[in-house]
Amino acid sequence: MLYSTLTPAAKRAHLRESLASGQLLRFPGAMNPLSARLIAEKGFEGVYVSGAVIAADLGLPDIGLTTLPEVATRAGQVARMTDLPTLVDADTGFGEVLNLARTVQTLEDAGLAGCHIEDQVNPKRCGHLDGKSVVDLATATQRITAAADARRDPAFLLMARTDVRALEGVRAAVERAKALVDAGADAIFPEAMRDLREFEAIASAVDVPVLANMTEFGKSELFTTSQLADAGVQIVIYPVTLLRLAMGAVEDGLDVIAAAGTQAELVERMQTRSRLYELVDYSGYEEFDATVYRGR
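Residues numbered from 1 in each chain as written. Predicted model: local features only at pLDDT ≥ 70, side-chain atom pairs only at ≥ 80, totals over all residues. Heavy atoms only, no water.

*Asks:* Just checking my understanding: could you explain the pattern of salt bridges for this structure?
*Replies:* In a structure, side chains of opposite charge can pair up when their charged atoms sit close to one another. Considering all chains together, one arrives at 17 salt bridges under this definition. The salt bridge partner of Glu45 is Arg26, with a shortest N-O separation of 2.8 Å. In this pair, Glu45 is assigned in the loop between helix 2 (33-41) and strand 2 (47-49) and Arg26 in strand 1 (residues 25-28), connecting sequence segments 19 residues apart. By relative accessible area, which is 25% here, Arg26 ends up partly exposed. Its salt-bridge partner being Arg244, residue Glu216 comes within 2.6 Å of it at the nearest N-O pair. With Glu216 in the loop between strand 7 (211-213) and helix 10 (225-230) and Arg244 in helix 11 (residues 241-260), this pair connects stretches of sequence that are 28 residues apart. Each of Glu118, Arg161, Asp163 and Glu191 takes part in one network of salt bridges that share partners. (Salt bridge = Lys/Arg side-chain N within 4 Å of Asp/Glu carboxyl O. Helix = DSSP H or I, 4+ residues; strand = E, 2+ residues; numbered from the N terminus. Buried < 20%, exposed > 50% of the residue type's maximum accessible area, 1.4 Å probe, protein only.)

Rendered as structure tokens:
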């Protein structure tokens, strides 16, 4: 099977059922479609597609320079590789309020299980950087209402992200989260929380799932899944972890080649050829692939 055995509708239904169970769902960030298949193989509950990762992969800063076609294409490529539900970062909706309808429907068509839309101004900044600005409450709620009105599959998870905590504190984040739920948000992503008490404050104020962003080098401590579950969090993302691991290894490898003139000492660190072909899934192509599994 080249792609997922499940339809997007089935994945969305599964995500809704999992959230209703109350369990904590772990969504590592896929840096490419193949890593999404590995995320599924390792037993995680979902896949996340980070706007920061897409931007970095294109060699761009994470300041809202990516476009809806770029994000929808990459997110759709990731989503179709696994039976897990895939959530995608939709930034501020790729335009003003009128653009939200096209954004949501395009992401539905791409096979995503849900997306999050934030309340930053355009152009936006990475959520864990200083110097952010947010739109007023009316604009923030209009974005979510427009997105909710536009979706055709009611199971498509519409998450509202708020960055207001960095500017006005956790009390303002609580009040904005409540307003975003009233506007139609199915879940809340409070960005750049400082400690578990702040997550608890959000989770106790709303009756929808709350997401925690466990990104490295950010404002939040890297809490464990047990700590987050105890604080009322239901979804945790690790958005850039795999990209950082991979790029660190790539940089080290290039240094070795430059210094030694060969990659020979790197071979033992590499994923083997047979392992790669297991992930790519050559089942059904055994005659074509007869020689592959004999080598590394």
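*Asks:* Would you take a moment to explain the packing of aromatic side chains for this structure?
*Replies:* Between two aromatic rings, the relevant description is the distance of the centres plus the angle of the planes. Counted by the stated rule, this structure contains 1 aromatic pair. Taken together, a centroid distance of 6.5 Å and an interplanar angle of 85° make the contact between Phe199 and Phe223 edge-to-face. With Phe199 in helix 9 (residues 196-205) and Phe223 in the loop between strand 7 and helix 10, this pair connects stretches of sequence that are 24 residues apart. Residue placement shows Arg161 over the ring face of Phe189; its charged tip is 5.4 Å from the ring centre. (Phe/Tyr/Trp six-rings, centres within 6.5 Å; stacked < 30°, edge-to-face > 60°. Lys NZ or Arg CZ within 6 Å of the ring centre and 35° of its normal.)

*Asks:* Would you explain the layout of surface pockets in this entry?
*Replies:* Gaps left between atoms are located by rolling a probe of water-molecule size over the structure's atoms. One number sums up the size of the largest pocket: a volume of about 780 Å³. Lining the largest pocket are 24 residues, with Met31, Leu245, Ala246, Ala249 and Gln271 positioned closest to its centre. At 8 residues, helix 11 tops the list of elements feeding residues into the lining of the largest pocket. Its residues assigned to classes, the lining of the largest pocket comprises 16 nonpolar, 5 polar and 3 charged. (1 Å grid on protein atoms, 1.4 Å probe; cavity = no way out; pocket = protein on both sides within 12 Å on 5 of 7 lines; lining within 4 Å. Points joined across faces, edges and corners; volume = space filled by probe spheres on them. Nonpolar A, V, L, I, M, F, W, Y, C, P; charged D, E, K, R; others polar.)

*Asks:* What am I meant to see in the packing of helix 5 (residues 100-109) against helix 6 (residues 137-150) here?
*Replies:* Each packed pair of helices is defined by two parameters, the angle between the axes and the distance between the axes. In the contact formed by helix 5 and helix 6, the axes pass within 8 Å of each other and the chain directions differ by 45°. Between helix 5 and helix 6, the crossing angle belongs to the class labelled oblique. Read as a crossing pair, helix 5 and helix 6 show a hand that is right-handed. Packed against helix 5, whose contacting residues are Leu100, Ala101, Val104 and Gln105, the element helix 6 presents Arg143, Ala146, Ala147 and Ala150 at the interface. (Axes fitted to C-alpha atoms, helices over the stretch in contact; angles between N-to-C directions. Parallel < 35°, antiparallel > 145°, perpendicular 65-115°, else oblique. Left-handed = near helix turned anticlockwise from the far one by under 90°. Contact = heavy atoms within 4.5 Å.)

*Asks:* Quick question: what am I supposed to make of the sheet that holds strand 7 here?
*Replies:* Strand order in the open sheet formed by 3 strands is 1-8-7, and the pairing between neighbours is parallel. Of all strands in the sheet, those bounded by a partner on one side alone are strand 1 and strand 7. Each neighbouring strand pair of the sheet contributes to a mean axis angle of 20°, computed without reference to strand direction. The sheet contact formed by strand 1 and strand 8 (residues 235-238) spans 4 bridges and is parallel. Across the sheet, the residue bridging to Phe27 is Ile237, located in strand 8. (Pairing = 2+ DSSP bridges.)

*Asks:* Any chance you could explain helix 2 here in plain terms?
*Replies:* Because each turn of an α-helix spans 3.6 residues, side chains separated by three or four positions end up pointing in the same direction. Those residues of helix 2 that fall on the buried side of the exposure criterion are Pro33, Ser35, Ala36, Arg37 and Ile39. Buried residues along helix 2 sit in contact with strand 1, strand 2, helix 4 (68-79), helix 11 and helix 12 (273-280). Phi turns positive, to about 90°, at Gly43, one or two residues after helix 2.

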